[in-house]
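Residues per chain are reported as follows:
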Amino acid sequence: MFRKTLRQQLRSPLYRNALFLMTNRGVTSVIGLVFWLLAAKLYLDKDVGLASAIISSVLLLSLIATMGLDYALIRFLPNAGRDSDALVNSCLTVAGLMSIVVALVFITGISLWSPALLFLRQDPVLIGAFIVFTVGWTLYVLVSRTFVARRRAGYSLVQGIIFNIFRLILIIVLATFFAAFGIFAAWGIAVVVAVGIATLLLLPRVQAGYRPLPVIKRDVLNEMMRFSFANYVAILLWTAPILILPLMVLNLLGAESNAYFYIAWSIANILFSVPIAISLSLFTEGSHDEERLGRDTRRSLRLILLVIVPSVLLILLLGDKLLFLFDPAYAENATTLLWVLAFSAVPLSLNHIYFGVKRVQMRMKSVIGLTAFMAVATLVLSGILLPRMGILGAGIAWLSAQSAVALVIIMLWLPHIRMYSSR
């Protein structure tokens, strides 16, 4: 009976893609923990703190470079017809060029935004690697979104598995030769390998006859740029605190504290991956068929509830033991932070579903306003609390901001809940 019910549910593209996306994010998050566990065992705490800050910088720059094109691909590719290849290649080309620009700007002004990483600018090899890996992650995200837009999120999972296998192998191999750069190089080389295989071998399976070519078709991009820009602002505001917080911890509290913070943050991201994946699947299905948005929203909320509540309880019970695997110092310094971050997964879930619905409806004003509040509140509170409370201050700031946004969303939805649930 259970198997029959499961097969019926998996016939739904909403659940099938959500399952692949959750699995991909879950695998990446779990392997990420193993990756940082190996880093903690093979490298000094200071090297782990520096490497995590460098990787956070690359993720932030890639976020800037995508310019919202990752979400625009999901919204417009299903109806692109003959322009599909031109749309994909134009997005990859524009984002790739933009990632080179933002990486160079970051390196040039690194003494202003992160003085602790000033050593990056002193070695041409480090500069080259930083630029290449920034481009690599930017393309990685866009190729993954192309698979999602085509309702073939299984290929996104394959890309993720390739990335994770290579970074685990490389972090062990490079530990003999490098310090912090060994961690960063293991991560970056794995990204480049994964996106290369995905673009050359997997993407043509999803989009028949596809060939990667560096082109920019303005007529193809013009229609999607307004929606892309609105999402760009919203995504940048939403994700910026996630990527800036490790840099704030590094510069305010030091590399060792950042190592403790980053591991707890990485574990919490396993929880955060669930609503993010389900929201993305909801957005994909709404882009294909908006008439069923109400039904799919209710199904998405039920699925999140079934997964998130037990997961939060598990972290509360076993979080300290999980941190102990890295080192007793991690359990001593980061357990309370991990508990606070786990609680934040509940309001975060509601926030992501709401934003997914608004993206389908292409109504981005409330999304931008709420994400702006969340970003400012998180960063301002973190700046106030970190010097007074240590790394726990960043967790409290994050939970407070997520909860405040969730309360506003509840108030926005309540007047319309009966009308909306009847659709």
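Residues numbered from 1 in each chain as written. Predicted model: local features only at pLDDT ≥ 70, side-chain atom pairs only at ≥ 80, totals over all residues. Heavy atoms only, no water.

With respect to the overall build of the protein chain
Then step 1. Counting secondary structure elements, the protein chain contains 16 helices and zero strands.
Then step 2. Against the globule reference of 22 Å for 423 residues, the protein chain gives a C-alpha radius of gyration of 21 Å, in line with a compact fold.
Then step 3. Dimensions of the protein chain, computed from the C-alpha atoms along their principal axes, are close to 55 × 45 × 45 Å.
Then step 4. A sequence separation of at least 24 residues applies to 83% of the contacts in the protein chain between residues at least 6 apart.
Then step 5. Surface exposure of the protein chain reaches about 18000 Å², of which carbon and sulfur atoms provide 68%.
Then step 6. Distance between charge centroids for the protein chain: 10 Å, based on 34 positive and 17 negative side chains. (Helix = DSSP H or I, 4+ residues; strand = E, 2+ residues; numbered from the N terminus. Rg over C-alpha atoms; globule rule 2.2 N^0.38 Å. Contact = heavy atoms within 4.5 Å. Areas by Shrake-Rupley, 256 points an atom, 1.4 Å probe, with all protein chains shown as cover. Lys, Arg positive; Asp, Glu negative; His and termini not counted. Charge placed at Lys NZ, Arg CZ, Asp CG, Glu CD.)

Overview of unusual backbone geometry
Then step 1. One non-glycine residue, Met-67, lies in the positive phi region at around 55°.
Then step 2. By secondary structure assignment, the location of Met-67 is in the loop between helix H3 (45–66) and helix H4 (69–76).

Some points on the pattern of salt bridges
Then step 1. Tallied over the full model, the rule gives one salt bridge.
Then step 2. Between Asp-320 and Lys-321 there is a salt bridge, with the nearest N and O atoms lying 3.9 Å from each other.
Then step 3. With a relative accessible area of 51%, Lys-321 lands in the exposed category. (Salt bridge = Lys/Arg side-chain N within 4 Å of Asp/Glu carboxyl O. Buried < 20%, exposed > 50% of the residue type's maximum accessible area, 1.4 Å probe, protein only.)

Remarks on a nonpolar patch on the surface
Then step 1. A cluster of nonpolar side chains, contributed by Ile-161, Ile-165, Phe-166, Ile-169, Val-173 and Phe-177, occupies part of the molecular surface with about 550 Å² of accessible area.
Then step 2. Tracing the backbone through its elements, the reader meets Phe-177 in the loop between helix H8 (153–174) and helix H9 (180–206).
Then step 3. Under the relative-accessibility criterion, Phe-177 is labelled exposed at 60%. (Patch = residues over 30% accessible without salt bridge, like charges linked within 9 Å, V, L, I, M, F, W, Y side chains within 5 Å.)

Describing the nonpolar core
Then step 1. Of all hydrophobic cores here, the largest spans 151 residues; its most connected members are Trp-36, Leu-117, Phe-130, Trp-137, Ile-183, Trp-187 and Tyr-330.
Then step 2. If one sorts the elements of this core by residue count, helix H11 (residues 255–288) sits on top with 19 residues.
Then step 3. Once residues lying within four places of it in the same chain are set aside, the contact partners of Leu-117 are Leu-50, Ala-53, Ile-54, Ser-57, Ile-110, Leu-247 and Leu-250. (Core = buried A, V, L, I, M, F, W, Y, C linked by side-chain atoms within 4.5 Å.)

Description of the packing of helix H5 (residues 84–108) against helix H7 (residues 124–149)
Then step 1. H7 packs onto H5 with a crossing angle of 150° between their chain directions and a minimal axis gap of 9 Å. On the basis of the axis angle, H5 is roughly antiparallel to H7. By crossing handedness, the relation of H5 to H7 is classed as right-handed. For the pair H5 and H7, the contacting residues are Val-88, Cys-91, Leu-92, Ala-95, Gly-96, Ser-99, Ile-100, Ala-103, Leu-104, Phe-106 and Ile-107 in the first and Ile-127, Phe-130, Ile-131, Thr-134, Val-135, Thr-138, Leu-139, Leu-142, Val-143 and Thr-146 in the second. (Axes fitted to C-alpha atoms, helices over the stretch in contact; angles between N-to-C directions. Parallel < 35°, antiparallel > 145°, perpendicular 65-115°, else oblique. Left-handed = near helix turned anticlockwise from the far one by under 90°.)

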